[in-house]
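Summary of structural features
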Protein chains: 2
Amino acid sequence: MSPGFAGNAPAVAALDWGTTRLRAWLIDGGGKVLAERRGDDGLITAREKGFATVLEGHLAAMGAPETLPVIICGMAGSRQGWIEAPYVGVPAPIGAILRGAARIEGERRDIRIVPGLAQRLADAPDVMRGEETQLAGAGLPAKGRHLACMPGTHSKWVAVEDGAVVGFGTWPTGELFSVLAAHSILKHSLGEHPAPVTADNPFFRQWCERALGEGGDVTSKLFAIRAAGLLQDLKSQDAAACLSGLLIGGEIASAKRRYGAGDAPVVLIASGALASLYRAALDLAGLAFRTVDADEAVRAGLIEAARENGMIGAAK
Amino acid sequence: MSPGFAGNAPAVAALDWGTTRLRAWLIDGGGKVLAERRGDDGLITAREKGFATVLEGHLAAMGAPETLPVIICGMAGSRQGWIEAPYVGVPAPIGAILRGAARIEGERRDIRIVPGLAQRLADAPDVMRGEETQLAGAGLPAKGRHLACMPGTHSKWVAVEDGAVVGFGTWPTGELFSVLAAHSILKHSLGEHPAPVTADNPFFRQWCERALGEGGDVTSKLFAIRAAGLLQDLKSQDAAACLSGLLIGGEIASAKRRYGAGDAPVVLIASGALASLYRAALDLAGLAFRTVDADEAVRAGLIEAARENGMIGAAK
């Protein structure tokens, strides 16, 4: 037992290991968080430094015992990651997804990576890694049809029925914003360092409503942001709000068209500023929703994954 | 009279001067083409070298007399260009647009730039420069409602009624292709040097049909190209065809939704490989169309602009 944990020994380390960032926690046998670390050594950095080196650095900094088992979710399990954890095909019960964690061979510790999800539809192939764990930790009801929205670089919308993922889709909203702001003609409209967009910006709301009215057609309105700069004296900080509103509104309109509004409120799994923007946009779309904090959801999902893989005891 | 032109003296030089390229012609008093030049010294290069220097270089190379007047269309008349030729607001008769060419002061020659078009709608601001001249040269009937499609970096769709532009829109299809291929996650799918897409590629046709079925919603399908690489072994040359089909199909679906199919065939103003792709996509969309060569249209439009501004005689 490590003396640093006031009597509670860590039973497992849990990592959300994405493309550019990671978060790590030490968890005791009852699922309680004992320590937390954040780093910007995501997959891109870890490919250079070595995944084991990065992992051991964070574990040592938290005072983790040398044989503490580790559960990981996210892009560390992708083809470009540490090992490729196989995809679980949908439809799949959420618990069953977590249960299939892939073990990394040849390491002193028991290190496992949660599988990603694959939708092997001929006309709508899709994949996710990390969001399945967030979803598992979001506390969705075991019965009924539910729709989850997980905004981000590649926003995911997931349809869940009676505790099983039945379908999902990806809208690359965050990536489109960054790529268009930096590399398209809109860089002249947004300027070099676009100000953070806030949900109370009237341009965010206006362009979000425009996109909602177009059923997900975003491309017909992109150039209008540039034209509004030339003809209507649109300022750069407002141009960023236009682009954000247009893309988020387009995502919501498109997802609503694909999955329907549903009976239960949309479960918005998000944190911080992004959560505020999506809450405002879902309101404008007339969609009922409730918010689950994304940071807490992924941590809860990792603890659940540790349980499902027998690394800690069952929940009390 | 210059000895190089077999008896016909040039009456005007005409330039289509875009962002990255220019084309120049010497035209006689009857509207006949006497010489042609192409260069990659568009607006970007000309801003460094000087517009007058670039212009005189091309004119000298064609043996143009020192006082030959010049008519220009395109981005050379934008705020970042030589001078900003004012926009003509729509609705506007096509002839009236050409007539308002702005004269560049302080030059030995009579140099004029055709105005761009502005659509000053609060919720759909838009601008064009250069396409108005192409449109003028496309030989649209003087009566009836017609829809023109001018594909490119920023594709324009223009609604014309009884010879007047009544509305238009921009779809940044070519730019989205370049930017997503180079800077988004799709660069892993398309590879470093995507092969040219051809209209007979079954992936082009398939993804074009998918986009047509979604009414212009493109963003919900972008990530599926990446997923198809992971799950369906999609090859890089075919990934480029998917992206091209998706974007072009999305543009056509969106424009069709905005402007309707119309009674008369769509006038596709395009050249080369791009014309082939749009012909295939318009067929898949079930839209009747006829093609006008874009190179010939802009030249004819510039000759028309020279006439409308009294630089050469009226058409016989």
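Residues numbered from 1 in each chain as written. Chains lettered and ligands numbered in written order. Predicted model: local features only at pLDDT ≥ 70, side-chain atom pairs only at ≥ 80, totals over all residues. Heavy atoms only, no water.

The name given to chain A in an unreviewed UniProt entry is 2-dehydro-3-deoxygalactonokinase, with Mesorhizobium erdmanii as the source organism.

Moving on, we come to the interface of chain A and chain B. The interface of chain A with chain B comprises 45 residues on the first partner and 45 residues on the second. In total, chain A and chain B occlude about 3,800 Å² of area from one another, counting both sides; carbon and sulfur atoms represent 58% of this. Counting every contact that joins chain A to chain B gives 4 salt bridges. In this structure, the salt-bridge partner of Arg257(B) is Asp217(A), at a minimum N-O distance of 3.0 Å. Viewed at the interface, chain B and chain A are joined by 19 residue pairs in polar contact (both at pLDDT 80 or more). Secondary-structure elements contributing two or more residues to the side of chain A that touches chain B are β9 (116–119), β10 (126–128), β13 (164–171), α5 (173–183), α8 (219–231) and α9 (236–259) of chain A. For the side of chain A that touches chain B, the element with the highest residue contribution is α8(A), accounting for 11 residues. When grouped by side-chain class, the residues that make up the side of chain A that touches chain B number 20 nonpolar, 12 polar and 13 charged. (Contact = heavy atoms within 4.5 Å. Buried area = accessible area lost by both parts, 1.4 Å probe. Salt bridge = Lys/Arg side-chain N within 4 Å of Asp/Glu carboxyl O. Polar contact = N/O pair within 3.5 Å; in protein donor to acceptor, adjacent residues only side chain to side chain. Helix = DSSP H or I, 4+ residues; strand = E, 2+ residues; numbered from the N terminus. Nonpolar A, V, L, I, M, F, W, Y, C, P; charged D, E, K, R; others polar.)

Turning to the packing of helix α5 (residues 173–183) of chain B against helix α9 (residues 236–259) of chain B, a few remarks are in order. Residues and elements named next belong to chain B. With their axes 10 Å apart at the nearest point, α5 and α9 run at an angle of 150° to one another. Relative to α9, the element α5 lies roughly antiparallel. The chirality of how α5 crosses α9 is right-handed. Across from Thr 173, Leu 176, Phe 177, Leu 180 and Ala 181 in α5, the residues of α9 making contact are Ala 240, Leu 243, Ser 244, Leu 247, Ile 248 and Glu 251. (Axes fitted to C-alpha atoms, helices over the stretch in contact; angles between N-to-C directions. Parallel < 35°, antiparallel > 145°, perpendicular 65-115°, else oblique. Left-handed = near helix turned anticlockwise from the far one by under 90°.)

In this section: the nonpolar core. The biggest cluster of nonpolar side chains holds 92 residues, and the ones touching the most others in it are Trp157(A), Ile225(A), Ile252(A), Trp157(B), Ile225(B) and Ile252(B). Look past the residues within four positions of Ile225(B) in its chain and what remains in contact with it is Leu186(B), Ser189(B), Trp207(B), Leu234(B), Ala239(B), Cys242(B), Leu243(B) and Leu246(B). (Core = buried A, V, L, I, M, F, W, Y, C linked by side-chain atoms within 4.5 Å. Buried < 20%, exposed > 50% of the residue type's maximum accessible area, 1.4 Å probe, protein only.)

Before going further, it helps to spend a moment on the environment of Ser244(A). All names here are of chain A. Here Ser 244 is to be found in helix α9. Relative accessible area serves as the criterion here: at 7%, Ser 244 is assigned to the buried category. With 71 residues separating them in the primary sequence, Ser 244 and Thr 173 have C-alpha atoms 8.5 Å apart. Excluding anything up to four places from it in sequence, Ser 244 contacts Phe 177, Val 197, Phe 204 and Leu 277.

The next subject is the pairing of strand β14 (residues 266–269) of chain A. Residue and element names in this part refer to chain A. Neither face of β14 is exposed, since Val 266 and Leu 268 on one face and Val 267 and Ile 269 on the opposite face are all buried. Pairing of strand β11 (residues 145–150) with β14 involves 2 bridges; the strand directions are parallel. Residue pairing in the sheet places Cys 149 in a bridge with Leu 268 of β14. Pairing geometry for β14 and strand β15 (residues 289–292), over 4 bridges, is parallel. Bridged to Val 267 within β15 is Arg 290. Regarding the hand of the β-α-β motif, the stretch spanning β14, helix α10 (residues 272–284) and β15 is right-handed. (Pairing = 2+ DSSP bridges. Right-handed = clockwise from strand over helix to strand, strands pointing away.)

What follows deals with the pairing of strand β9 (residues 116–119) of chain B. Residues and elements named next belong to chain B. By the alternation rule, side chains of β9 split into Gly 116 and Ala 118 and Leu 117 and Gln 119, which are all buried. In this structure, strand β5 (residues 87–89) lies alongside β9, joined through 3 bridges in parallel fashion. Residue pairing across strands places Tyr 87 opposite Gly 116, the latter belonging to β9. Across 3 bridges, β9 lies against strand β10 (residues 126–128) in antiparallel orientation. Considered in β10, the bridge of Gln 119 is made with Asp 126.

Under the definition given, this model contains 36 salt bridges over all chains. Among the ionic pairs, Glu214(A) bridges to Arg257(B), the shortest N-O distance being 3.0 Å. Separated into two different chains, Glu214(A) in the loop between α7 (202–212) and α8 and Arg257(B) in helix α9 make up a pair that spans both. The exposure class of Glu214(A) is partly exposed, given its relative accessible area of 21%. A salt bridge links Arg109(B) to Glu56(B); its shortest N-O distance comes to 2.8 Å. Linking Arg109(B) in the loop between β7 (102–103) and β8 (111–113) with Glu56(B) in helix α2 (residues 51–61), this pair joins segments that are 53 residues apart in sequence. Classification of Arg109(B) as buried rests on a relative accessible area of 3%. With a relative accessible area of 25%, Glu56(B) lands in the partly exposed category. One network of salt bridges, in which partners are shared, links Asp16(A), Arg23(A), Glu36(A), Arg38(A) and Asp295(A).

This part takes up the relation of the copies chain A and chain B. It takes a turn of 180° to lay chain A on chain B, together with a shift of 0.0 Å along the axis; the resulting RMSD is 0.0 Å. Here the transformation between the copies is reduced to the relation of a two-fold axis. Across chain A, the smallest distance between a C-alpha and the rotation axis is recorded for Asp217(A), namely 2.2 Å. In this assembly, 100% of the residues forming the interface of chain A have copies in chain B that are likewise at the interface, indicating an isologous arrangement. (Least-squares fit on C-alpha atoms with pLDDT ≥ 70 in both.)

All names here are of chain A. In spatial order, the strands read β3-β2-β1-β4-β8-β7; together these 6 strands make up an open sheet with mixed pairing. The open sheet terminates on both sides in strands that have one partner only, identified here as β3 (33–39) and β7 (102–103). Note: strand β4 (residues 70–73) against strand β8 (residues 111–113), 3 bridges, orientation parallel. Within β8, the residue paired with Val 70 across the bridge is Ile 111. Lying over the sheet, helix α2 (residues 51–61) contacts β1 (10–17), β2 (22–28), β3, β4 and β8, oriented at roughly 130° with respect to β1.

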